[in-house]
Structures are given as C-alpha cells and as structure tokens.
Amino acid sequence: MKGLILCAGKGTRLQPFSNVTSKVLIPIANKPLLFYSIEKLLELGIQEIGIVIQQAHEPLFKSIIGDGERWGVSITYLYQAKALGIADAVKQAEGFIGSDPFILLLGDNLIDQTLTGLRDSILLEQHDGALLLGEVEKPQDYGIAEIKEQHIIRLEEKPLQPKSNLAIMGAYAFTSKIFEAVHAIVPSKRGEYEITDAIQWLIEANYAISYDITYESHTDVGTIDRWLEANRWVLQQMAGEGALLAGQIVDSANPQSPLVLIDPSSKLIECEIGPFTTIGPHVYLENCRIEDCIILEGVSLKNASLKGTIVSRDYWAQSTREA
C-alpha cells in the first residue's frame, strides 16, 4: 500500500501567511502540519509516499521535508499545474500509484483518529474505497455524506442545503479503481474535478465503498480560527503525553498553564504565557501577556498583550471566534 498527500492548494484563507509558504508547512505546536500526515502513514507501515505540490514549491518542500530520510521512507514529489480540484490532483499521481491500493490524505487536515480502519477496508474487506467522516458545525464548508441504512448513498461538495453534518475528513483509502472515476467525471460548477463526484461515480457503478466515523479531534486547518483550534487540541494532547517543553521558559517568564510550548532557542523576560500558546524558534518577548496564540519564528515583541492571535515577523492575524 502506498500513501498520497495532496499539498498543491493555495491556502487563500490563510493569507497573508500562505503568501510566503505552503499552507501545509505552517506549524502546529512548532511542527509543520505536513509532518502529522506523514506520521499517520508511518503508523500504517507505508514506505512509499507521493506528495502532490505546485512545482514552484519543490525547493521549499525539499528544504523542509526532504526525500523522506528522517522517517526512513521514500518520498516522491508530483505536480499539479493548476488548482483544478482533489480528483485532478489524484489523476496526477496515477503513474506513481500504478495498480497499488493507497491512502489519500489532504495535507491541510489534522486528524487524531487512527487510519487502520480505512486501510483494513481495502486490504482485508475488499472495498474499493473508504472514507473517514466526522461531524462538523458548518457542513456547507465541506464535502458531505448522506447515509441511509449504514451505506453512503450520496456525496455532495459544499452543499447549500446539507443532507447531514457528516463531512469527509480529508482521509480516504482507494484501490486503483478510483482512476477510472477521476477520468470519467467532468468539472463541477466550481470548475473543479471534485473527489466527491469521483466517489459518487464509484457508488453508482456499484463499487464497494465503506466509511468510518471519527469522534476524535479533527480539523481542516484552512482558516486562522482553525489554525488556532488545531494548536489548542494538539497542545492538550501533548500535555496528556507529558511531551510539552514548558521547562524552557527563562528569565522570570511565568507560564500560566501547562498548555504552553516554547522553543528552547527563544528568550522570554517577565512574561505571562498561556494557556494554549506556542512560541516558535528565535523569539524574543519582554513584558508580554500572551494567551491562545501562535508566535512564529523570529518574532520580537515588547509590552504586548495578545489573545487569539497568530504573529510572524511581518504579519499578524486575530481570531474571529467569540472569547
């Protein structure tokens, strides 16, 4: 079984931060978002991973991700020339996947759920496709599944009137039959080749499609609010595992909660930090109160009070959610 991660999106809702990097390389708890997807595939024993990117981003990806050496896997970079949808991105990987089954992940999704159920649906239960579904508050923003008698009967991309709140969580498993579907469908009203249309084609062609529903934490890290949300629950998870580096606070800085992660290269003087705060590398903070924030590499702040904010050296953006 192979792995495929789609990373060619523009990340327009994460601007201005996505103007200078790919959205899948933004840090969650001081680790690039894409690392989490790679680690999910490693948990399944997958050794060959294809990553679909914009060709102009290849030097950036190779500098951060490399060719897979740090994980002991082989990474192949594939290219999507235009943002024509998920199904089109899958089409670009046909030569890499060949006849093998594969796990497909969207690189901007963060999922706590194990993907063993998806893998086993293909390898052990002989399904041709399997989807991870999860309940969401705004189904109009997602691909939505309509379920009847424990079978998916219809999928719809970003419906105006959703039939359910069960969204596709950016994790799939397929046999090579999916390539028949992506070649058969036509662009949607949005001008994109939708993966929901491709899976619907499989359903109508009587191929076996299964699903898992996750009740674990999950989010599409596609907006400032969701970026902060993802940071919060990963910090909570790390705290439960005893993996936070709160001990790296120096010079009388005062953490207000164990839900704080501070890079050891950063320096904080007379600050109150937390909860739910990540401080990246080479940050200097003096006399600051920082809560529910992501402070990115190289930021220098004095006498600042911030809550629900992401800050880089050149930009900042604040959450729109209610406190």
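Scroll up for the structure.
Throughout what follows, the structure given in this document is the object of discussion. (Residues numbered from 1 in each chain as written. Predicted model: local features only at pLDDT ≥ 70, side-chain atom pairs only at ≥ 80, totals over all residues. Heavy atoms only, no water.)

Time to look at the overall build of the protein. In terms of regular secondary structure, the protein is built from 8 helices and 25 strands. Here the protein has a C-alpha radius of gyration of 20 Å; the compact-globule value for 323 residues is 20 Å, and the two agree. Within the protein, residue pairs in contact and separated by at least 24 positions form 57% of the contacts whose partners lie at least 6 positions apart. Carbon and sulfur atoms make up 45% of the accessible area of the protein, which totals about 14600 Å². For the protein, the distance from the average position of its 27 positive side-chain charges to the average position of its 42 negative side-chain charges is 5 Å. (Helix = DSSP H or I, 4+ residues; strand = E, 2+ residues; numbered from the N terminus. Rg over C-alpha atoms; globule rule 2.2 N^0.38 Å. Contact = heavy atoms within 4.5 Å. Areas by Shrake-Rupley, 256 points an atom, 1.4 Å probe, with all protein chains shown as cover. Lys, Arg positive; Asp, Glu negative; His and termini not counted. Charge placed at Lys NZ, Arg CZ, Asp CG, Glu CD.)

Another aspect to go through is the pattern of salt bridges. What the rule picks out here adds up to 17 salt bridges. As a salt-bridge pair, Glu194 and Arg190 come within 2.9 Å of each other at their nearest N and O atoms. For Glu194, a relative accessible area of 4% translates into the label buried. For Arg190, a relative accessible area of 42% puts it in the partly exposed group. Among the charged side chains, a network of salt bridges with common partners joins Glu272, Arg289, Glu291 and Lys307. (Salt bridge = Lys/Arg side-chain N within 4 Å of Asp/Glu carboxyl O. Buried < 20%, exposed > 50% of the residue type's maximum accessible area, 1.4 Å probe, protein only.)

The 3 strands lie next to each other as β16-β19-β22, forming an open sheet whose pairing is parallel. This sheet does not close on itself; its edge strands, each paired only once, are β16 (267-269) and β22 (300-302). On average, adjacent strands in this sheet sit at an angle of 5° to one another, irrespective of strand direction. Examined bridge by bridge, β16 and strand β19 (residues 284-286) share 3 bridges and lie parallel to one another. (Pairing = 2+ DSSP bridges. Axes fitted to C-alpha atoms, helices over the stretch in contact; angles between N-to-C directions.)

For the rest of this paragraph, the subject is the sheet that holds strand β24 (residues 309-311). Hydrogen bonding along the main chain pairs the strands of a sheet, whether they run parallel or antiparallel. Reading across the sheet, the 5 strands line up as β15-β18-β21-β24-β25 and stay open at both edges, with mixed pairing between neighbours. Lying at the two open borders of the sheet, with one neighbouring strand each, are β15 (260-262) and β25 (316-318).

Moving on to the environment of Glu149. Relative to the assigned elements, Glu149 resides in the loop between β9 (143-148) and β10 (151-157). Measuring from C-alpha to C-alpha, the distance between Glu149 and Gly240 comes to 37 Å, with 91 residues separating the pair along the chain.

Below, the discussion takes up the side chain of Ser121. Here Ser121 lies in helix α5 (residues 116-123). With a relative accessible area of 5%, Ser121 lands in the buried category. A distance of 3.2 Å separates the side chain of Ser121 from the side chain of Ser210, its partner in a polar contact. In contact with Ser121, other than residues within four places in its own chain, are Gln126, His127, Ala130 and Ser210. (Polar contact = N/O pair within 3.5 Å; in protein donor to acceptor, adjacent residues only side chain to side chain.)

For the rest of this paragraph, the subject is the pairing of strand β1 (residues 2-6). By the criterion of burial, β1 is predominantly enclosed, with 5 of the 5 residues buried. Alternating positions in β1 separate into two faces, Lys2, Leu4 and Leu6 on one and Gly3 and Ile5 on the other, with burial throughout. Where β1 and strand β6 (residues 102-106) come together, 5 bridges link them in parallel fashion. If you follow Gly3 over to β6, its bridge partner there is Ile103. Of the pairings in the sheet, the one linking β1 to strand β4 (residues 48-53) comprises 4 bridges and is parallel in character. Residue Ile5 lies in a different strand from β4, and its bridge partner there is Ile51.

On to the packing of aromatic side chains. The geometry of two aromatic rings is summed up by the distance between their centres and the angle between their planes. For the structure on display, the rule yields 8 aromatic pairs. Here Tyr172 and Phe174 contribute two aromatic rings whose centre-to-centre distance is 5.8 Å and whose plane-to-plane angle is 20°, an arrangement assigned as stacked. Each member of the pair, Tyr172 as well as Phe174, carries the same accessibility label: buried. Through successive ring pairs, a cluster of aromatic residues spans Phe102, Tyr172, Phe174 and Phe179. Geometry around Tyr36 places Lys31 over its ring, the cationic atom sitting 4.3 Å from the centre. (Phe/Tyr/Trp six-rings, centres within 6.5 Å; stacked < 30°, edge-to-face > 60°. Lys NZ or Arg CZ within 6 Å of the ring centre and 35° of its normal.)

Here the focus is the state of the cysteines. For the structure on display, the rule yields 0 disulfides. Of the cysteine sulfurs around Cys288, a residue in no disulfide, the closest is that of Cys271, at 4.7 Å. Among the cysteines around Cys293, which has no disulfide bond, Cys288 carries the closest sulfur, lying 10 Å off. (Disulfide = S-S within 2.5 Å.)

Our next topic: the environment of Ala239. Take Ala239: it is sitting in helix α8 (residues 224-240). Residues Ala239 and Pro258, spaced 19 residues apart in sequence, show a C-alpha to C-alpha distance of 6.8 Å.

We now examine α8. Given a rise of 1.5 Å per residue, 17 residues ought to cover 24 Å, and the 25 Å separating the end C-alpha atoms of α8 matches this to within 8%. For α8, the complete set of buried residues consists of Ile224, Arg226, Trp227, Leu228, Ala230, Asn231, Arg232, Trp233, Val234, Leu235 and Met238. (Expected span 1.5 Å × (residues − 1).)

A cis geometry characterises the amide bond from Gly274 onward to Pro275, with omega recorded as 0°. Although it is not a glycine, Asn30 adopts a positive phi angle of roughly 65°. Topologically, Asn30 is positioned in the loop between β2 (27-28) and β3 (31-32). With relative accessibility at 29%, the residue Asn30 sits in the partly exposed group. Positive phi, normally seen in glycine, also occurs at Asn303, with a value near 55°. Judged by its relative accessible area of 60%, Asn303 falls in the exposed class.

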